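A structural walkthrough
These are the residues of each chain, in order.
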Amino acid sequence: MSEAVVAKRYADALFQLGNEQGKVEQLVEEFHVLKEVFETNSKLLTFLKHPRVNNAEKKQFIDEVFHDFSNNVVHTLKILAERHRIEIVPDIIGHFIHLVNDAKGIAEATVYSVRELTDAEKQELENTFAKRFNKQAIKLNNIVDPSIIGGIKLRIGNTIYDGTVSGKLKRIERSIVTAN
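The following paragraphs examine the structure supplied in this document. (Residues numbered from 1 in each chain as written. Predicted model: local features only at pLDDT ≥ 70, side-chain atom pairs only at ≥ 80, totals over all residues. Heavy atoms only, no water.)

Attention shifts here to the packing of helix 3 (residues 42–49) against helix 4 (residues 55–65). Contact pair helix 3 / helix 4: the axes reach a minimum separation of 9 Å and the direction vectors enclose 145 degrees. The residues of helix 4 that touch helix 3, namely those facing Leu44, Phe47, Leu48 and Lys49, are Lys58, Phe61 and Ile62. Of the residues contributing to the contact of helix 3 with helix 4, the split by class is 5 nonpolar, no polar and 2 charged. (Axes fitted to C-alpha atoms, helices over the stretch in contact; angles between N-to-C directions. Helix = DSSP H or I, 4+ residues; strand = E, 2+ residues; numbered from the N terminus. Contact = heavy atoms within 4.5 Å. Nonpolar A, V, L, I, M, F, W, Y, C, P; charged D, E, K, R; others polar.)

Structure representation (structure tokens):
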């Protein structure tokens, strides 16, 4: 089974547990911290994947390091370490956050622009695209990309809205090439 499918199944299970226990927001906060820990500390993943470290030591380590986290998160980490799938933790977190956002009617989007957008510009884009996608809100992540020359490019999920000068030039180039 692919790791993406497995990660989605774990995320689904954690989301259901969080809903049943009324702890979805707590899990979201814990997962943001956990994601940062896994992204900034490569030795953690190396230790938890190492074949010479037995499962009992890994579980004890997880108990000691993540003692402030909820039981659901700690037990999931132990299961993943035991089953040699600890590297899918960031994928599980991504799927879980996506499920929570879907339940709340929130979509995450990335907007590429030549300069940092002002708060008013971000708000206007969020409002416009929230209506277009029938969402309560859109969370924008602004990435500065000088190669787009001008305009903006917005990506929501697998959909890209390209209103950049470089994108228009590429479309013009394609139409000229296909016309010849």
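Below, the discussion takes up the side chain of Lys78. Tracing the sequence through the fold places Lys78 in helix 5 (residues 71–82). Aside from chain neighbours lying at most four places away, what touches Lys78 is Lys59, Ile62 and Asp63.

Here the structure, examined in full by the defined rule, presents 6 aromatic pairs. Here Phe129 and Tyr161 contribute two aromatic rings whose centre-to-centre distance is 5.2 Å and whose plane-to-plane angle is 55 degrees, an arrangement assigned as tilted. A residue pair is termed long-range when its members are at least 10 positions apart, and Phe129 in helix 7 (residues 119–132) and Tyr161 in strand 4 (residues 159–162) qualify at 32 residues. Since its relative accessible area comes to 10%, Phe129 is described here as buried. For Tyr161, a relative accessible area of 27% puts it in the partly exposed group. Between Phe133 and Tyr161, the aromatic rings sit 6.1 Å apart at their centres with planes inclined by 85 degrees, giving edge-to-face as the arrangement. Of this pair, Phe133 sits in the loop between helix 7 and strand 2 (137–144) while Tyr161 sits in strand 4, and the two are 28 residues apart along the sequence. By relative accessible area, Phe133 is classed as partly exposed at 26%. Members of the aromatic cluster, each reached through a chain of ring pairs, are Phe15, Phe31 and Phe96. Lys153 extends its terminal NZ or CZ atom over the ring of Tyr112, reaching a point 5.3 Å from the ring centre. (Phe/Tyr/Trp six-rings, centres within 6.5 Å; stacked < 30°, edge-to-face > 60°. Buried < 20%, exposed > 50% of the residue type's maximum accessible area, 1.4 Å probe, protein only. Lys NZ or Arg CZ within 6 Å of the ring centre and 35° of its normal.)

Enumeration according to the criterion identifies 8 salt bridges in this entry. A salt bridge links Glu121 to Arg115, with the nearest nitrogen and oxygen atoms 2.7 Å apart. The exposure class of Glu121 is partly exposed, given its relative accessible area of 26%. Put simply, Asp162 and Arg171 hold a salt bridge, and the shortest N to O gap is 4.0 Å. Judged by relative accessible area, which is 31%, Asp162 ranks as partly exposed. (Salt bridge = Lys/Arg side-chain N within 4 Å of Asp/Glu carboxyl O.)

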